[in-house]
Structures are given as C-alpha cells and as structure tokens.
There are 2 protein chains.
Amino acid sequence: MNTERQPDAVDAILAQWRRERPDLDASPMGTIGRLTRCSALMQRRLDEAFSAFGLSIWEFDMLATLRRTGAPYCLAPTALFSTLMVTSGTMTHRMQRLEASGWVERLVNPEDARSKLVKLTPAGLELIDRAVEAHVQNEHRILAPLNPTDLTALEMSLARLLAVLEPGGE
Amino acid sequence: MNTERQPDAVDAILAQWRRERPDLDASPMGTIGRLTRCSALMQRRLDEAFSAFGLSIWEFDMLATLRRTGAPYCLAPTALFSTLMVTSGTMTHRMQRLEASGWVERLVNPEDARSKLVKLTPAGLELIDRAVEAHVQNEHRILAPLNPTDLTALEMSLARLLAVLEPGGE
DNA sequence: CAGACTTATCTTGATATCAAGACAACTTCC
DNA sequence: GGAAGTTGTCTTGATATCAAGATAAGTCTG
C-alpha cells in the first residue's frame, strides 16, 4: 500500500506541538484530530443535500430514523433519543418542531401512558423518501474520489475504532 | 488482514435500509455513519479529561491553539476562528468568556487597529500546559485497544479522507 | 393493595452556535 | 489624497442543546 501523502493541516499542528512540547508524544492528536476534522467537514457536505429539501441535519436524522423502522413509521421518544444520542429535553423540542412542520404526529401509546408515540405523517414519509435518495446520492458523490481499496480500508478502520469506542464495546 | 468483526449499531441501521429501501445502495451510509458516530463518541471521551481541569472542549481548543503557536502565545481573532472552524461571532463570544475567566487577555494590534489580539495570560499558559498533558495521556488511553497495525491503517485512511474533504483538497 | 422505587417525558434556565448585518479600519487605484 | 471596495470584528436575534429538576405512570414487594 502506498503510504506517501501531502502534508495537511493536522501535520502542521503536530509539528507545532513537537516544537513547543517535545516532551509529549502527540501522535494520537493526529489520528483524533483528523477524525474530528473529517466529521465536521462531512457534516457540512451532508447538509448541502438536506438543505435542498428545507431540512437541517437533525430533522433529516429524526425523519430517517422513523422511516427506516418501517411501517407504521412510529417510535417512542426514548427509542429516538437513545438512537440519536441526544437528551430527552432535546427530543421534546425536536418533536414539537417536527409536529409544527406537519412531518410527524403524536399518538397516545396504548401500552404506556407516560409516552406519546411519534409517527411520520404521509407528508413526512413522502418528504423523507425523496430526501434520503438525494442524501445517498450525495454520499456516493462525496466518497467517489476514494478508490475501492481505500474505501474498504477506511470502512474497516472505522468499524474497529467504533468497536473500541462504543459503550460496552470490548 | 483479518476482515471479520461483530455486527455493530451501524450494521443494524444498514439492514433496516436494505429492507425498507432495497432500491438504494446505502453502503456509504455505513462509512459515513461510523465516521459520525466515532467522532461523537470520541468527543465525549475527550471531554472527560478536560472537565477535570474545569475546561470545556471549546475552551481547551482555544487555549491549545494559542499555546502551540509558541511564545508570545498570541493570535488575531481571524486566525483563531479560521483554524477552529467557527464564525467570527462565535469567536467574539469565546474570547469574552476566556477573558472573563482570566485565561486570555486582549491587546491592541499595532499592525491593524481593526483587530485586538488574543494572548494567553500566565495563568492560561500554566493551565493549558497541564491540561494538554492529561489530554494526550487520555488520547493514548483511548486508542490503546487498537494494535499498531490497525492504528496505522486508521491514520492513513483518515488522512486520505481528509484530503478528499478538505476545501481545496484534490 | 399500598408504599417505595423506577422509568419516561417534559420544563426550566443557561449556553453556544450561526447567519446576517453594522461598522470601522485598511487598501487600491486613479 | 480621496472615493470605492475589501477586510476584520462585533452585534443582534433566532435556535439547538444540555443539565437538573419536576411530574406522572408503571412496577415490585411484603
């Protein structure tokens, strides 16, 4: 495998730390710095596709989570905020916004009166079905510059890292 | 290289999409989903180290950026918000907070009266020098479960992805 | 079945962020 | 040197987020 590459912004940061704090082994800053930066830049690229549908990232995530559970596209708030890694208070706010936009509705939960279920409306279903197509196309476009070998290596490396980071991941 | 692994949360999401939308090739969702999730989980792990010093992530990032530029630990606001990928308004707010905490001070810029330079105070320097040590140790600890081969592969994959995503990256 | 505990959600108050616009200080170009 | 354009920062107003606490509904035990 070819290991040559052009220096990037993170290399410059590492060089600064080597000069200022030669006592530290800052190598993990390179890995983690690139992870953070890749993720931030990726979110911006993804947002470009969502905004064409008038959706922000969190709106897309909410609707997509409901969509992929399958008919009747309905979940309890706890399932949503656990999956999406936000607090219950944030979820309350999000549900109110999406309900006001007409993309979800709240239903009485016959099995637990503490919950009100969240369900995609027909308009929400139609919207997310179109948006997810554009989203997947956009993702293909973003990753297109990577050749299949590099893409597979990236996939595998991230899976390994995720296994290390995932709560309960051993 | 061993390519076997246990299914993770992202695999489950991909399986849902295959069932619901078999017409879509959702494979990039796996890569990008893991990237996003790794980054989010990583931020939480990093935050644990910062909070021991009473610092939030953005406070650490600000002080560390000033620290690694070397003496006199002084930058113009534009250099800071460009590096840290936030808006100028956010930077104004951050500088006010750090100044109130006594970790930075604002100086007249002799070369450009539109700027007031931001500089680490002695207290800020002392704090970030301690915090960055703990931070680097923490990063080593987080990545320790990865063997050297996997770590190198991750590093290389992220560098390639960053080159693709970085504005002006070709 | 009643009290004690647990769980699911919502409320409240504080913050951090951005977008857009205001404004003053620089720079360019006649 | 001065008008016109550019740049660097701050202000304003709207949002999204979290932590911590409140509240109501479910569950468990004796």
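This write-up is about the structure you can find in this document. (Residues numbered from 1 in each chain as written. Chains lettered and ligands numbered in written order. Predicted model: local features only at pLDDT ≥ 70, side-chain atom pairs only at ≥ 80, totals over all residues. Heavy atoms only, no water.)

**Overview of the environment of Leu55(A)**
All names here are of chain A.
Item 1. If you trace the backbone, Leu-55 turns up in the loop between helix H2 (27-51) and helix H3 (57-68).
Item 2. Judged by relative accessible area, Leu-55 falls into the buried class, the value being 3%.
Item 3. Ignoring sequence-local partners within four residues, the contact set of Leu-55 consists of Asp-47, Phe-50, Phe-60, Leu-63, Trp-103, Leu-127 and Ala-131. (Helix = DSSP H or I, 4+ residues; strand = E, 2+ residues; numbered from the N terminus. Buried < 20%, exposed > 50% of the residue type's maximum accessible area, 1.4 Å probe, protein only. Contact = heavy atoms within 4.5 Å.)

**Regarding helix H6 (residues 122-143) of chain A**
An α-helix turns once every 3.6 residues. As a result, residues three or four positions apart point the same way.
Item 1. With 22 residues, H6(A) should reach 32 Å at 1.5 Å per residue; the first-to-last C-alpha distance of 32 Å fits that figure.
Item 2. Among the residues of H6(A), Gly124(A), Leu127(A), Ile128(A), Asp129(A), Ala131(A), Val132(A), His135(A), Val136(A), Asn138(A), Glu139(A), Ile142(A) and Leu143(A) are the ones counted as buried. (Expected span 1.5 Å × (residues − 1).)

**Considering the sheet that holds strand S2 (residues 104-108) of chain A**
Residue and element names in this part refer to chain A.
Item 1. With respect to topology, three strands assemble into an open sheet ordered S1-S3-S2, the strand pairing being antiparallel. For this open sheet the edge positions go to strand S1 (74-75) and S2, each flanked by a neighbour on one side alone.
Item 2. Looking at chain direction, S2 and strand S3 (residues 116-120) are connected through five bridges and run antiparallel. Counterpart to Val-108 in the pairing with S3 is Lys-116. (Pairing = 2+ DSSP bridges.)

**Overview of the packing of aromatic side chains**
All names here are of chain A.
Item 1. Using the criterion set out here, one finds two aromatic pairs over all chains in the structure.
Item 2. Measuring from ring centre to ring centre gives 4.2 Å for Phe-50 and Phe-60, while their planes differ by 20 degrees; the resulting arrangement is stacked. Residue Phe-50 is found in helix H2, and its partner Phe-60 is found in helix H3; the two are separated by 10 residues along the sequence.
Item 3. In this structure Phe-60 comes out as buried when scored by relative accessible area, which is 3%. (Phe/Tyr/Trp six-rings, centres within 6.5 Å; stacked < 30°, edge-to-face > 60°.)

**Focus: the relation of the copies chain A and chain B**
Item 1. Expressed as a screw operation, the relation of chain A to chain B combines 0.0 Å of axial shift with a rotation of 180 degrees, fitting to an RMSD of 0.0 Å. Both copies are brought into coincidence by an operation consistent with a two-fold rotation axis. (Least-squares fit on C-alpha atoms with pLDDT ≥ 70 in both.)

**Focus: the protein's contact with DNA strand C**
Item 1. Surrounding DNA strand C, one finds 22 residues, the nearest of these being Thr78(A), Arg114(A), Ser115(A), Thr90(B) and Arg97(B).
Item 2. Sugar and phosphate atoms form 77% of the subset of DNA strand C atoms that lie within 4 Å of the protein.
Item 3. Between DNA strand C and Arg106(A), the relevant distance is 3.3 Å, taken from a phosphate oxygen to a side-chain nitrogen or oxygen of the residue.
Item 4. Taking Arg114(A), its side chain carries an N or O atom lying 2.6 Å from a base oxygen of DNA strand C.
Item 5. Secondary structure elements with two or more residues in the surface near DNA strand C: helix H4 (77-83) and helix H5 (88-101) of chain A together with helix H5 (88-101) of chain B.
Item 6. No other element matches the five residues that H5(A) contributes to the surface near DNA strand C. (Near = heavy atom within 4 Å. Polar contact = N/O pair within 3.5 Å; in protein donor to acceptor, adjacent residues only side chain to side chain.)

**Topic: the nonpolar core**
Item 1. Core analysis: the largest hydrophobic core is formed by 89 residues, its most contacted members being Met42(A), Leu63(A), Leu161(A), Met42(B), Leu63(B) and Leu161(B).
Item 2. Not counting residues within four places of it along the chain, the set of residues in contact with Leu63(B) comprises Leu55(B), Leu98(B), Trp103(B), Val104(B), Leu120(B), Leu127(B) and Ile128(B). (Core = buried A, V, L, I, M, F, W, Y, C linked by side-chain atoms within 4.5 Å.)

**Focus: the state of the cysteines**
Chemically, a disulfide is nothing more than a covalent bond linking the sulfur atoms of two cysteines.
Item 1. For the coordinates displayed, the defined rule picks out zero disulfides over all chains.
Item 2. You can see Cys38(B) has no disulfide; the closest cysteine sulfur is in Cys38(A), sitting 11 Å from it. (Disulfide = S-S within 2.5 Å.)

**Quick look at the interface of chain A and chain B**
Item 1. Taken residue by residue, the interface counts 70 residues in chain A and 69 residues in chain B.
Item 2. At the boundary of chain A with chain B, total buried surface from both sides reaches about 6800 Å², with 67% on carbon and sulfur atoms.
Item 3. Sorting the residues of chain A by area buried against chain B places Arg68(A), Met85(A) and Arg160(A) first, and these three jointly supply 10% of that buried surface.
Item 4. If you look at where chain A meets chain B, you find 12 salt bridges.
Item 5. In this structure, Arg67(B) engages Glu20(A) in a salt bridge whose closest nitrogen and oxygen atoms are separated by 2.8 Å.
Item 6. The interface formed by chain A and chain B contains 27 residue pairs in polar contact (both at pLDDT 80 or more).
Item 7. Where the side of chain A that touches chain B is concerned, the elements lending two or more residues are helix H1 (9-20), H2, H3, H6 and helix H7 (148-165) of chain A.
Item 8. Along the lines of polarity and charge, the residues of the side of chain A that touches chain B split into 36 nonpolar, 15 polar and 19 charged. (Buried area = accessible area lost by both parts, 1.4 Å probe. Salt bridge = Lys/Arg side-chain N within 4 Å of Asp/Glu carboxyl O. Nonpolar A, V, L, I, M, F, W, Y, C, P; charged D, E, K, R; others polar.)

**Here we look at the environment of Met62(B)**
Residue and element names in this part refer to chain B.
Item 1. Mapped onto the secondary structure, Met-62 falls in helix H3 (residues 57-68).
Item 2. Using a relative accessible area of 0% as the deciding quantity, one classes Met-62 as buried.
Item 3. Taking the C-alpha atoms as reference, Met-62 lies 11 Å from Pro-77; in sequence the two are 15 residues apart.

**A short note on the sheet that holds strand S1 (residues 74-75) of chain B**
Residues and elements named next belong to chain B.
Item 1. With antiparallel pairing, the three strands of this open sheet are ordered in space as S1-S3-S2. What marks the edges here is a single partner per strand, and that holds for S1 and strand S2 (104-108).
Item 2. Each of S1, S2 and strand S3 (116-120) is contacted by H3, which is oriented at about 90 degrees to S3, the strand it contacts most.
Item 3. Packing of H5 onto the sheet brings it into contact with S2 and S3, and relative to S2 it is tilted by some 115 degrees. (Axes fitted to C-alpha atoms, helices over the stretch in contact; angles between N-to-C directions.)

In short, the description is geometric, and any link to function would need to be established separately.
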